Amino acid sequence: MITLASDFGTPYPAAMRGVIFRRTEAQIVDISHDLPAHDPRAAAFWLRFLLPEYPPAVHCAIVDPGVGTDRDAVVFRADGHAIIAPDNGLAYPTARALALGERASASHVADDGRERDTHALDDIGIEVFRLSTLDPASTTFHGRDVFAPLAAQVHETGVGVLETIDRLEPAPDPIRMTLPDAIVSDDTLARGRVITTDDFGNVITNILGKVIPDVDHVTVNSERVPFGDTFAAVQPGDQVVVIGSHGYLECDVREGDGSDAFDLTPTDSVTVRF
Amino acid sequence: MITLASDFGTPYPAAMRGVIFRRTEAQIVDISHDLPAHDPRAAAFWLRFLLPEYPPAVHCAIVDPGVGTDRDAVVFRADGHAIIAPDNGLAYPTARALALGERASASHVADDGRERDTHALDDIGIEVFRLSTLDPASTTFHGRDVFAPLAAQVHETGVGVLETIDRLEPAPDPIRMTLPDAIVSDDTLARGRVITTDDFGNVITNILGKVIPDVDHVTVNSERVPFGDTFAAVQPGDQVVVIGSHGYLECDVREGDGSDAFDLTPTDSVTVRF
Amino acid sequence: MITLASDFGTPYPAAMRGVIFRRTEAQIVDISHDLPAHDPRAAAFWLRFLLPEYPPAVHCAIVDPGVGTDRDAVVFRADGHAIIAPDNGLAYPTARALALGERASASHVADDGRERDTHALDDIGIEVFRLSTLDPASTTFHGRDVFAPLAAQVHETGVGVLETIDRLEPAPDPIRMTLPDAIVSDDTLARGRVITTDDFGNVITNILGKVIPDVDHVTVNSERVPFGDTFAAVQPGDQVVVIGSHGYLECDVREGDGSDAFDLTPTDSVTVRF
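Computed from a predicted model, the values in this text were never measured in an experiment.

**Some remarks on the overall build of chain A**
Counting secondary structure elements, chain A contains 6 helices and 15 strands. When its C-alpha atoms are laid out on the principal axes, chain A stretches across 60 × 40 × 30 Å. For chain A, buried positions account for 61% of its 274 residues. Looking at chain A as shown, the accessible area adds up to about 10300 Å², and 44% of this sits on carbon and sulfur atoms. Within chain A, one finds 21 positive and 43 negative side-chain charges whose respective centroids are separated by 3 Å.

**With respect to the interface of chain C and chain A**
Listed per partner, the contact involves 33 residues of chain C and 25 residues of chain A. When chain C packs against chain A, the two sides together hide about 2400 Å² of surface, and 60% of this comes from carbon and sulfur. Joining chain C to chain A, the criterion identifies 2 salt bridges. Across the pair Glu53(C) and Arg144(A) runs a salt bridge whose closest N-O atoms are separated by 4.0 Å.

**A word on helix 1 (residues 12–23) of chain B**
An α-helical segment advances 3.6 residues per turn. Residues three or four places apart therefore align on the same side. With 10 of 12 residues buried, helix 1 of chain B is to be regarded as a mostly interior element. For helix 1 of chain B, the set of buried residues is Tyr12(B), Pro13(B), Ala14(B), Ala15(B), Met16(B), Arg17(B), Gly18(B), Val19(B), Ile20(B) and Phe21(B).

**Observations concerning helix 2 (residues 40–50) of chain B**
Of all 11 residues that make up helix 2 of chain B, 10 are buried, and the element is covered over most of its length. Residues of helix 2 of chain B that are buried: Pro40(B), Ala42(B), Ala43(B), Ala44(B), Phe45(B), Trp46(B), Leu47(B), Arg48(B), Phe49(B) and Leu50(B).

**Considering the relation of the copies chain B and chain C**
Superposing chain B onto chain C takes a rotation of 120° combined with a translation of 0.0 Å along the rotation axis, leaving an RMSD of 0.0 Å. On the angle and the small slide along the axis, the relation comes out as a three-fold axis. In terms of proximity to the rotation axis, the leading residue of chain B is Gln27(B), whose C-alpha is 5.7 Å off the axis.

**Remarks on the packing of helix 1 (residues 12–23) of chain C against helix 5 (residues 142–157) of chain C**
Packed helix pairs are specified by the crossing angle of their axes together with the interaxial distance, meaning the distance between the axes. Residues and elements named next belong to chain C. Relative to each other, helix 1 and helix 5 sit at 35°, their axes nearing to 9 Å. Between helix 1 and helix 5 lies a crossing of right-handed hand. Counted together, Ala 15, Met 16, Val 19, Ile 20 and Arg 23 of helix 1 and Gly 143, Arg 144, Ala 148, Pro 149, Ala 152 and Glu 156 of helix 5 form the full contact between these two elements. In the contact of helix 1 with helix 5, the residues fall into 7 nonpolar, 1 polar and 3 charged.

**Re the packing of aromatic side chains**
The geometry of two aromatic rings is summed up by the distance between their centres and the angle between their planes. This model, assessed by the stated rule, comprises 27 aromatic pairs over all chains. Measuring from ring centre to ring centre gives 5.5 Å for Phe45(B) and Trp46(B), while their planes differ by 70°; the resulting arrangement is edge-to-face. As far as the burial class goes, Phe45(B) and Trp46(B) line up, both buried. An aromatic cluster is built from Phe8(A), Tyr12(A), Phe141(A), Phe45(C), Trp46(C), Phe49(C) and Tyr248(C), whose rings are joined through pairwise contacts.

**What about the interface of chain B and chain C?**
Of the residues lining the interface, 33 residues belong to chain B; the matching set on chain C comes to 25 residues. Together chain B and chain C conceal approximately 2400 Å² of surface at their shared face, both sides included; 61% is due to carbon and sulfur atoms. The largest per-residue losses of area from chain B upon contact with chain C belong to Glu53(B), Phe200(B) and Glu255(B), which jointly make up 24% of the total buried on that side. Joining chain B to chain C, the criterion identifies 2 salt bridges. Our count for the chain B to chain C interface comes out at 9 residue pairs in polar contact (both at pLDDT 80 or more). Secondary-structure elements contributing two or more residues to the side of chain B that touches chain C are strand 2 (28–32), helix 2 and strand 13 (239–243) of chain B. When residues in the side of chain B that touches chain C are grouped by element, the largest group, 4 residues, is from strand 2 of chain B. Here the residues of the side of chain B that touches chain C are counted per class, giving 17 nonpolar, 6 polar and 10 charged.

**Brief notes about the environment of Gly89(C)**
The topology assignment puts Gly89(C) in the loop between strand 5 (81–86) and helix 3 (92–100). With a relative accessible area of 2%, Gly89(C) lands in the buried category.

**A look at unusual backbone geometry**
In this structure, Pro11(A) follows Thr10(A) across a cis peptide bond, with omega equal to 5°. Looking at the secondary structure, you find Pro11(A) in the loop between strand 1 (2–6) and helix 1 (12–23). Even without being a glycine, His38(B) presents a positive backbone phi close to 60°. Exposure remark for His38(B): the relative accessible area of 26% places this residue in the partly exposed category. Not every positive phi belongs to a glycine, and Thr267(C) is a case in point at roughly 80°. Note on placement: Thr267(C) falls in the loop between helix 6 (258–262) and strand 15 (269–273). With relative accessibility at 60%, the residue Thr267(C) sits in the exposed group.

**Here we look at the sheet that holds strand 1 (residues 2–6) of chain B**
Residues and elements named next belong to chain B. Spatial strand order, 2-1-3-5-4-6-7: 7 strands in an open sheet with mixed pairing. For this open sheet the edge positions go to strand 2 and strand 7 (169–170), each flanked by a neighbour on one side alone. The pairing of strand 3 (residues 58–62) with strand 5 (residues 81–86) spans 3 bridges and is parallel. Among the inter-strand pairings, His 59 is bridged to a residue of strand 5, identified as Ile 83.

**Details of the pairing of strand 13 of chain B**
Bridge count for strand 13 of chain B against strand 14 (residues 248–253) of chain B is 5 bridges, and the pairing is antiparallel. From the neighbouring strand, Val240(B) faces strand 14 of chain B, where its bridge partner is Asp252(B).

**As for the side chain of Thr3(A)**
Residue position: Thr3(A) is located in strand 1. Thr3(A) has contacts with Val29(A), Ile31(A), Leu51(A), Tyr54(A), Ala57(A), Val58(A), His59(A) and Cys60(A), leaving out every residue within four places of it along the chain.

**Details of the pattern of salt bridges**
Scanning the entire structure with this criterion turns up 30 salt bridges over all chains. Measuring nitrogen to oxygen at the nearest pair gives 3.0 Å for the salt bridge that ties Glu127(A) to Arg77(A). Taken together, the positions of Glu127(A) in strand 6 (residues 127–131) and Arg77(A) in strand 4 (residues 73–78) put the pair 50 residues apart, joining distant regions of the chain. Here Glu127(A) falls in the partly exposed class, since its relative accessible area comes to 36%. We classify Arg77(A) as buried; its relative accessible area is 8%. Residue Asp30(C) pairs with Arg17(C) through a salt bridge whose shortest N-O separation is 2.9 Å.

What counts, and at which threshold
Residues numbered from 1 in each chain as written. Chains lettered and ligands numbered in written order. Predicted model: local features only at pLDDT ≥ 70, side-chain atom pairs only at ≥ 80, totals over all residues. Heavy atoms only, no water. Helix = DSSP H or I, 4+ residues; strand = E, 2+ residues; numbered from the N terminus. Buried < 20%, exposed > 50% of the residue type's maximum accessible area, 1.4 Å probe, protein only. Areas by Shrake-Rupley, 256 points an atom, 1.4 Å probe, with all protein chains shown as cover. Lys, Arg positive; Asp, Glu negative; His and termini not counted. Charge placed at Lys NZ, Arg CZ, Asp CG, Glu CD. Contact = heavy atoms within 4.5 Å. Buried area = accessible area lost by both parts, 1.4 Å probe. Salt bridge = Lys/Arg side-chain N within 4 Å of Asp/Glu carboxyl O. Least-squares fit on C-alpha atoms with pLDDT ≥ 70 in both. Axes fitted to C-alpha atoms, helices over the stretch in contact; angles between N-to-C directions. Left-handed = near helix turned anticlockwise from the far one by under 90°. Nonpolar A, V, L, I, M, F, W, Y, C, P; charged D, E, K, R; others polar. Phe/Tyr/Trp six-rings, centres within 6.5 Å; stacked < 30°, edge-to-face > 60°. Polar contact = N/O pair within 3.5 Å; in protein donor to acceptor, adjacent residues only side chain to side chain. Pairing = 2+ DSSP bridges.

In short, the description is geometric, and any link to function would need to be established separately.
This is the structure in structure tokens:
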């Protein structure tokens, strides 16, 4: 199985699928091609949320504002999966979650609160390879010309024997992106930021839900809002803060647009008192 | 084959696909994840239109403004298909169409005009099972944590022997949603409403096309509009009323947006004189 | 393999998939159902870009503002592929590219600059068949009722023996659409037009990139803009002209919307001085 994820929208991913089908009979599964555009950090959040749900597979993920530069492609191997991505850190949070056996559901968010990264890659079971993308054939569509052929080759060769692919070389020091959780003070205040919004308009923060005690309301920036187990805690059209399926606080409106109502967009800072 | 339909947009359905692929090698087919958001009635219309085109399969359909409440999941079995959905009536019109052998094309809309429901489920060949969704693991993503695993289990067990799945129990009284057709008076007037709009901006009503006689124009609310066999009856940019492929009247603009031009949105009432 | 492409958005293509799955176990691959609506010329550009990347397959492509008229369906056979489309020229540029072995990457755009069409279909290895679509069953959804069943039948019969399908007849004179490249004067000026925009807001012209010499800037209409190898040539938010992966000039904004910034939409004329 080869999965594809990108911020390419449509129809560019169809070219990648064709390139892969010319090279292998592998099943192709689209994760999403509407990952947050030009935002590797938000995209990395979604990939860490989604890819650990899959059986071992070859994943090809591309969100890269630097496309067309001489950035290398990297292949992370962890827990039987291979993740092919630009060397901008995009794949690292997922590789780390896979290696550590973390699932992106509320009950599985790591206990240590913040995602620290004091371990060597080897120590947590991640191996990384690198492919130079310097290829004059196309300066603007590495997805079709570099990543798709590499995904097909990795699938055909086998994730377990990536070492036998000549054009891959070990990459001991890939760029590592971290997705730090919000800072909590005095058990009453979390200072975080908006990671992303979803198609419903829900605003996803980096504040871990489990830091919030059993309260009825919280104060988001300066606005007091019900804190509920589910959207059903409020009427349609009303604001509510819930713990999303990813384990983080969401600022939502039931059957409405939380981003509008809370006036929050990605990277905005969010302070929640509880 | 497992089909998936929802109002989840992207990227949430990718988590459901992963969960299913971890449990079965079944083929997954996406129906749509952009069904009308928070509108089970409009979604039920589309499902009744789409799913009867498929060979026998396990269908998993979720549009549920009450997500996160303690609503059960139900499984309808009809004509060799299984439809898994929240117990809000969403799956019933499709199950009924499957059981009665109705296809959602213009020539197959039921002759009785309105969808009455005086029959017992047994009498028309529908069986229903129930799964309690009370599971503290996640309060906001039943699609991933309840419905996807159930779809995989139903597929692996077999639609014909759902009775052998321990956690399913018979559900003699599921919620039944009906999609009543418009009322016709004096063979000159239909009083209906807007069911939904499509991606072209076409406004789909619940007025059966076959009630309209062979006329050149009809009056929609107070506006006189050509009534054509096809969009080609008018020039690009002009309003036209046609019978859609689902058998119902549509208020359209050729190569334009009918919803804007007719000022009609879902649930609005529509009166058509002919 | 059967590929599907259209401007149908969602959820109509799901009906086509069901119809096909009822008739064959072929793999279905969605190219895109968000091709430029009602714009066969722009859609033809994308199909020529995308389909040559695929292994031999049955392609079903529908973008047809005349839907519901009595336009025939045609089947182009070229290089082992079959392309089923309305007889409005949509499939011709792709069939021609397949027959001539042209790939839609920068290094493979035909050397002759303009796409002339002085050859007979036979001479370049294209065969065409025709299916009358006059069928009273549905006047508005030929995708489901005509094209999908035909795609399934062509797949089951085999692309190599289309002649054995009774309802197909030879079509020596299908409509041929051409996608002419821009006119270049004095090696300093290209007069072209906008073909389409993509999901990033990039404006794709019909000006072949290879006509531009090694310069730092070009003048688009009356605006002087950097001409770069990649988006990375400018800062985020800035305008840039690049050669896209299709080989044509694009008017882009790095991490922004080129269509807004250049005030260009499809069919607008574009003059580039260099």
